[in-house]
Every structure is written in C-alpha cells, then in structure tokens.
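# Fold and contact review
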Amino acid sequence: VFVFFVLIFCFSLNFLFVYNLLFHVPVFTLCFLTLSIAVVINGSIILLFEPAALLQLGSPTVFLPLLVLGSLSSGLGYVIFYVIVSISGPLLAVMVTFIVPFVSITLGVLFLDEPLHIGIAVGLPLMIVSLVLMNLHSIKFQSVLKAPVD
C-alpha cells in the first residue's frame, strides 16, 4: 500500500513539475523524453526478469502491436497531457489518465481481437461520464470568466 501511495504522489508531482518548471520545453520533446525514460527503466526491469523477451521483439506479430499501442495510447496520451498542462494547468490534465485505458482497450479490441466483456462495455461510458462530470465545474467557471461584465 505504501508503494502505491508513493507512486501516486510521484505521478501527481509530474503535473506540477511540468506546469511550473518545464513550460518552455516543446510538447513533443517532453513526450519523447518521457517515453524514452520509461522504455529504459521498464525495459531494464523486464530484461532482469525475462531476458528471452528481447528475442520476441524481432517478431512483427509482437513488435507492430507494441508500436501501435505504444504510440497511439501512451504517445498520444502524453501529447494531450502536456498540451492540456501548458494551456489549462495541471488540474484539467488529470483527465488524460482516463483517456489512456480507453484508447488501449479500444485498440486492443479492434486490432488484437481482445474480448469486450460486459464490465468493459459498461465501464468505458462511465469513464466518459466521469470525465464530463469532473470537468463540468471548470467548464462553467471558464464560461463565467469569459462572460461580458455589464
């Protein structure tokens, strides 16, 4: 449980760190650096536990789905995340955490023939509704700020 809270704390710090310290760095540079660091760290851990996994990367049936899911799910998610952080601040950027599973599940069902269970079919619309509800206050607040003063 402690490790889980540490991970959440670090993830939350990412929003503030990017918003306050890296606002001048281009979005695609941030995305490339973030994903490159993740590949090095996660790849090292995978090779420690499963060295034979490296041999599987040469297979198109393994490499192409990883490329599609990695670039569209994580890559697109990070682009959206950093654009939202730079435009709106860290609070609205939290919604990217809900977009990544949605894209991953959708691409998995469409391209990898993964089953679409009833829990997933119910959960995906609930995630969209939660995004709308989570940002409804911000949307209303922005419309009040932009309203003309008489």
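For the structure itself, consult the block above.
Everything in this summary refers to the structure shown in the same document. Just so we're clear, the structure is a prediction, and the values are computed from it rather than from any experiment.

### Looking at the overall build of the protein chain
Regarding its fold elements, the protein chain presents 7 helices and 0 strands. The secondary structure elements of the protein chain, listed N-terminal to C-terminal, are α-α-α-α-α-α-α. Counting across all 150 residues of the protein chain, residues that qualify as buried make up 17%. Expressed as a percentage of contacts within the protein chain between residues at least 6 apart in sequence, the contacts between residues at least 24 apart total 69%. Carbon and sulfur atoms make up 80% of the accessible area of the protein chain, which amounts to about 11,000 Å² in all.

### Quick word on helix α2 (residues 27–49)
Helix length check: α2 (23 residues) gives 33 Å between terminal C-alpha atoms against 33 Å at 1.5 Å per residue, within 8%. Leu30, Cys31 and Thr34 are the residues of α2 that are buried.

### Regarding helix α4 (residues 60–88)
With 29 residues, α4 ought to run about 42 Å at 1.5 Å a step, and its terminal C-alpha atoms sit 39 Å apart, in line with that. Considering bend angle alone, the principal kink of α4 is centred on glycine 70 and spans about 30 degrees. For α4, the complete set of buried residues consists of Ser73, Gly75, Gly77, Val79, Phe81, Tyr82, Ile84 and Val85.

### Brief notes about the packing of α2 against α4
At their nearest, the axes of α2 and α4 sit 9 Å apart, and the two run at 135 degrees to each other. As the angle between them shows, α2 and α4 are arranged oblique. Considering how the two elements wind past one another, α2 and α4 form a crossing that is right-handed. Across from Val27, Phe28, Leu30, Cys31, Thr34 and Leu35 in α2, the residues of α4 making contact are Ser74, Gly75, Tyr78, Val79, Tyr82 and Val83.

Conventions used here
Residues numbered from 1 in each chain as written. Predicted model: local features only at pLDDT ≥ 70, side-chain atom pairs only at ≥ 80, totals over all residues. Heavy atoms only, no water. Helix = DSSP H or I, 4+ residues; strand = E, 2+ residues; numbered from the N terminus. Buried < 20%, exposed > 50% of the residue type's maximum accessible area, 1.4 Å probe, protein only. Contact = heavy atoms within 4.5 Å. Areas by Shrake-Rupley, 256 points an atom, 1.4 Å probe, with all protein chains shown as cover. Expected span 1.5 Å × (residues − 1). Bend = angle between axes of the 7 residues up to and from the residue. Axes fitted to C-alpha atoms, helices over the stretch in contact; angles between N-to-C directions. Parallel < 35°, antiparallel > 145°, perpendicular 65-115°, else oblique. Left-handed = near helix turned anticlockwise from the far one by under 90°.

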